[in-house]
Amino acid sequence: MIFGLQLIDLIAILVYFVAIIIIGFWASRRIKSQEDYFLGGRKFGKFVQTFAAFGQGTSSETAVGMTVIVSRNGVAGILQQLVGIFHLPFFWITSLWYRRLRTLTLGDFFEERFNSKGLAAFYALNSVVFFMIVIGLGFSAMTKTITGIAAKPVEQYTPAEKLEYGRALILEKLEGTDIDLLSGAETLQLEQLRIENPNKQFSVINEKWLIWIVAFIVIIYAVFGGLEAAFLTDTLQGIFILILSLLLLPFAFMKINHIYGGSGLSGIIETIRSQLPQSTFEIWGSPALVDFTWYYLLALIFVIFLTVAVQANQLVACGSAKDESTARFGFTTGMLIKRAATLIWGISAILLVVLYGSTVNNPDYLWGHACRDLLGPLNLGLVGLMIACLMAAVMSTADALMITSSSLLTRNFFRPIFPNLPDKAYIRIGRITGLFVVIGGVLIANQFDNVFQMIKLIWEFNIVLAAGYWLGMKWRRANRKATWWSMSTTMILFIVLQVVVPLIPGVKTNEHLLATVESVECERIYTARETDVQNRLDEIEIWNLKKAKGIIVGQCPETITEGQKFSKTFSTPRKSIFWTQGIKTDENGYRYGSGFLSLELVLLNALGIDLTRNPYALNETIRLLIRTVWPFLILIIISLLTSSDNKTQLDRFFVKMKTPVVGDRENDVKEMELSYANTNRFDHKKMFRNSNWEFEKLDKTDIKGMVWLSIAGAIIFGLLFLVSLAGK
């Protein structure tokens, strides 16, 4: 055993590393220009484009994070991760836009559309920070899982680790005890241990060292090989990710049937029904799960649709295709495969919760524990293969985002400062900036406590940029001044101030800002399962213990039997209204707000709106909608109050966006010359003639693609609905 792994596992990992490094150095010898480095020479076909889109959109957190979300929210968590299926038909249209831009970066769009290098630089810097967070999220999810796979036996813990392990056991015991049965000293100890959050599990692999090693490998092949190396390795890594998606399923099936005495799929379904409460399979979320409700999910679908489109890697994924047909086919097919894989990860997560939900308290480590337990005893190198798959998942995202970030910084930040440099100089700048982007992702990965915190952060980050992109792309009246107002005010109100205001002394401990939503009781009727029967016996035991101590709370719960209808009363938790990471208690017992301060909700509260009476999810929905509507509202109002941008510039931009991309470069240049010579060339394609709106009429290809993708999305959603019904 080396690093807790068998030799055959280490060989599998080493072979994978050697293969991608060779690809990187091979690709580096083919780079002659910025277009070669940043967009792979725009020569990729449908196969590479498909797996490039799938790989760059899929990281470790999408599989590992699924177990975290499903353990918290059941099938509703799978639906949250699958919201992208509703975007698939629109991707068929937007993927065309990126290729028709014919630019190296999406920052170039802001420079060309609004004639502003400043807006392009602002977009570039904001996007780079976002991509570092996404890279950090992937690194964090990967390392937590791999270190979970290579967990230390308790007997090998160091004295310090044994001490922390002991404190974790105490915390586990106290959290499993009814609060009314704890003494004053035990209650204080519980609060202190929750703040400390001691680890119960330790690994023979150091998380920080593992992140740096994987980051170093990404730097070696992607920094030198550019986008061609990234996309070729993404094709290999995409295959690895599909293996990752399927590898645990058969072994989890077999173990569940072995433990619970079932057989086949029917045995799995019966076990799931007996071991998980019925509320787990409420597709729109049960009353016990406050993170997601149907209205929050609808708001999230809307927000993610707006923000995903403005991500710069979308242009890289589509703009590197040889023509627009390849771009839209490759991108949408890759996204469709991702949605199908997401459903598989969700099903796997349910099985893992059945197997290990009661023994692995930290859901961040659930996938890793399962890999070690299910694959390790076989000694076939499958653990090494799983680790290689996890690394492939994070690398396929990190390399694409690194190249995207380096192109943004080079083209839209450094090029205006250092103009007219030769291509070799800009490629060198791109390599250096890419190095720092990956390092930034590593540093960010070390700042978050868990995967779920980071997932929620990236959902909303790009709302700052969304209005400028969408209205700039389709509304002639959108101008440079309004876009600056939209971006800057959104950045200040919803990011800068929400970080800075909590630093003011007294804000975190202000009693008004420590308000919580009221706890609401609601009743649901379920059919009792084995787990419900055991939970009811535990409730009766706790009631009897309280009675023995002179604490009487209502009537003693009645016993129930399997198959019996019973009512269950849920009391929703009193969650913080204004603080993104809730309310915590310091070592002196004083409460304080943690995370960012939601100023939009603070303003509503100051206007006299009582947010304490709203469900937590409703307040979150209101917050999402306010920060989504604001930048669009500001851009529209300022645009209408100020003059339009230069008409000639606008005509050239919009005729370009109507001109189809031809695969042959010379012919495409000729088509663009014809369009620039006659900017009214494609006005017959406009949906709203003689208006400022630049929507094009849908042709047969547009409609056919949207219909097929809608059908494919409906099938995936239907399968999720069947999973929900099977669990009930």
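Structure first, text after, so check above.
1. Side note on the overall build of the protein
The secondary structure content of the protein amounts to 27 helices and 4 strands. Burial status across the protein gives 56% buried among its 728 residues. Here the analysis covers contacts within the protein between residues at least 6 apart in sequence; of these, 83% occur between residues at least 24 apart.

2. What about helix 20 (residues 463-474)?
With 12 residues, helix 20 should reach 16 Å at 1.5 Å per residue; the first-to-last C-alpha distance of 17 Å fits that figure. Taking burial as the measure, the 12 residues of helix 20 include 12 buried ones, the bulk of the element. Listed in full, the buried residues belonging to helix 20 are Ile-463, Val-464, Leu-465, Ala-466, Ala-467, Gly-468, Tyr-469, Trp-470, Leu-471, Gly-472, Met-473 and Lys-474.

3. Brief notes about unusual backbone geometry
Even without glycine at this site, Arg-102 takes up a positive phi of about 55 degrees. Along the chain, Arg-102 falls in the loop between helix 6 (88-101) and helix 7 (106-114). Within the chain, Asn-115 stands out as a residue other than glycine whose phi angle is a positive 50 degrees. Turning to its location among the elements, Asn-115 is positioned in the loop between helix 7 and helix 8 (117-149).

4. Some details on helix 6
A rise of 1.5 Å per residue sets the reference length of helix 6, with its 14 residues, at 20 Å; its end C-alpha atoms lie 21 Å apart and thus fit the reference within 8%. Arg-102, located one to two residues past helix 6, shows a positive phi value of around 55 degrees.

5. Considering the environment of Thr-561
Topologically, Thr-561 is positioned in the loop between helix 22 (530-548) and strand 2 (565-571). The spacing of Thr-561 and Arg-536 is 25 residues in sequence and 9.6 Å in space, taken between C-alpha atoms. Aside from chain neighbours lying at most four places away, what touches Thr-561 is Ala-528 and Val-533.

6. Quick look at the pattern of salt bridges
In the structure shown here, the tally under the stated rule is 22 salt bridges. For the salt bridge of Glu-620 with Arg-623, the shortest nitrogen-to-oxygen distance reads 2.9 Å. Of this pair, Glu-620 and Arg-623 are both found in helix 24 (residues 616-641), 3 residues apart, which corresponds to roughly one turn of the helix. Given a relative accessible area of 5%, Arg-623 falls into the buried group. Glu-671 is the salt-bridge partner of Arg-681, the closest N and O atoms lying 2.7 Å from each other. Separated by 10 residues along the polypeptide, Arg-681 in the loop between helix 26 (665-677) and helix 27 (700-727) and Glu-671 in helix 26 bring together distant segments of the chain. Taking relative accessible area as the criterion, Glu-671 reaches 25% and is therefore assigned partly exposed. Overlapping salt bridges bring together Arg-476, Lys-647, Asp-651, Lys-658, Lys-686 and Glu-694 as one network.

Calculation rules
Residues numbered from 1 in each chain as written. Predicted model: local features only at pLDDT ≥ 70, side-chain atom pairs only at ≥ 80, totals over all residues. Heavy atoms only, no water. Helix = DSSP H or I, 4+ residues; strand = E, 2+ residues; numbered from the N terminus. Buried < 20%, exposed > 50% of the residue type's maximum accessible area, 1.4 Å probe, protein only. Contact = heavy atoms within 4.5 Å. Expected span 1.5 Å × (residues − 1). Salt bridge = Lys/Arg side-chain N within 4 Å of Asp/Glu carboxyl O.

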